[in-house]
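Take a look at the letters that make up each chain.
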Amino acid sequence: VADPAALTPVETTAGKEAVPEVNTVTFVGVETGDTVTVAGVTLTAAATFTADAVAEAFADPANPPANITFDTTTFTDWTANAYVSGDVLAFESTQEGDVAPISAAWNDAVDGVTALNVAESTPGEAAVTEVNTVTFNGLVEGQSVNVAGVSLTATETMTADDVAAHFAAEDFTGTGWTVASSSTADVVFNSTVPAEDVTNIPVSVGSTALGETAPEA
């Protein structure tokens, strides 16, 4: 008869949450008439400010100090983290995955535009859906297989490919899994829970077999 241990699902891809990309911007001091633009938000200075003061202002564009104005308070595809200290401020991407570096430039009223130093402190990673693969055995009459609550009981001898084909055509709605693909005796299942490392798909085997050996394929 088929070996139940052979029906242990293999976690071919572990599910995981997305990791937002974090970039840091190193600011410079500004003088009257200078502008600094980060991710679509432009600061205009009406006085002299240190690099630390510019970094702190970008952390909260809605509440700038006197003699600093912003054209908008909404960054494009990024959000500013809380200001800590110094001339460096971290920004977190609102887009999933590894994204292009944040745009950041200083426009000196005298010398023109200069790009600010941008560093990637945390690479972005896209969310991953868990994928499990089940490799089926052949069955003989009376043997049963249950996958995520969906059962098959053999009424005659079935090859491993037959069993896999049966489950590949089943409806797994409401089980937490969907059939992604199948090939010979293998069926690939995707978790319906996004961005999470879930428990492997449950698989069990029962038998009232007649002593006959089930076929491999």
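Report follows, based on the coordinates. No experiment lies behind these values; they were computed from the predicted model shown. (Residues numbered from 1 in each chain as written. Predicted model: local features only at pLDDT ≥ 70, side-chain atom pairs only at ≥ 80, totals over all residues. Heavy atoms only, no water.)

A word on helix 2 (residues 160-168). Working note: α-helix, 3.6 residues per turn, so residues spaced by three or four point in the same direction. Among the residues of helix 2, Ala-160, Val-163, Ala-164 and Phe-167 are the ones counted as buried. Along helix 2, the residues classed as buried sweep out an arc of 95 degrees about the axis, all on the same side. Next to the buried residues of helix 2 lie strand 12 (144-147), strand 13 (150-153), strand 14 (177-183) and strand 15 (186-191). (Buried < 20%, exposed > 50% of the residue type's maximum accessible area, 1.4 Å probe, protein only. Helix = DSSP H or I, 4+ residues; strand = E, 2+ residues; numbered from the N terminus. Arc of directions from axis to C-beta. Contact = heavy atoms within 4.5 Å.)

On to the pairing of strand 11 (residues 131-135). Burial analysis of strand 11 places four of its five residues in the buried class, the great majority of the element. Relative to strand 11, strand 1 (residues 10-13) runs antiparallel, the two being bridged by three bridges. Bridge pairing in strand 11 places Val-10 opposite Thr-133. Note: strand 11 against strand 15, five bridges, orientation antiparallel. Within strand 15, the position partnered with Thr-135 by the bridge is Asp-186. (Pairing = 2+ DSSP bridges.)

This brings us to a negative patch on the surface. Taken together, Glu-11, Glu-17, Glu-196 and Asp-197 make up a surface patch of like negative charges. For Glu-196, the location among the structural elements is in the loop between strand 15 and strand 16 (203-206). (Patch = residues over 30% accessible without salt bridge, like charges linked within 9 Å, V, L, I, M, F, W, Y side chains within 5 Å. Areas by Shrake-Rupley, 256 points an atom, 1.4 Å probe, with all protein chains shown as cover. Salt bridge = Lys/Arg side-chain N within 4 Å of Asp/Glu carboxyl O. Lys, Arg positive; Asp, Glu negative; His and termini not counted. Charge placed at Lys NZ, Arg CZ, Asp CG, Glu CD.)

Now for the sheet that holds strand 1. Pairing in this open sheet of four strands is antiparallel, and the strands run 1-11-15-14 from one edge to the other. A single partner strand is all that each edge strand has here, and the edge strands are strand 1 and strand 14. With direction set aside, neighbouring strand axes in the sheet form an average angle of 30 degrees. (Axes fitted to C-alpha atoms, helices over the stretch in contact; angles between N-to-C directions.)

On to the nonpolar core. Counting 25 residues, the largest nonpolar core has Phe-27, Val-36, Val-38, Phe-58 and Phe-91 as the members making the most contacts within it. Elements with a contribution of two residues or more to this core: strand 3 (35-38), strand 4 (41-45), helix 1 (51-59), strand 5 (68-70), strand 7 (88-93) and strand 8 (104-108). With four residues, helix 1 is the single largest residue contributor to this core. When neighbours within four sequence positions are excluded, Phe-27 is seen to be in contact with Val-36, Val-38, Ala-51, Val-54, Ala-55, Phe-58, Asp-87, Leu-89, Phe-91 and Leu-116. Listed in part, the 20 residues of the second largest apolar core include Leu-7, Val-134, Phe-136 and Leu-152. (Core = buried A, V, L, I, M, F, W, Y, C linked by side-chain atoms within 4.5 Å.)

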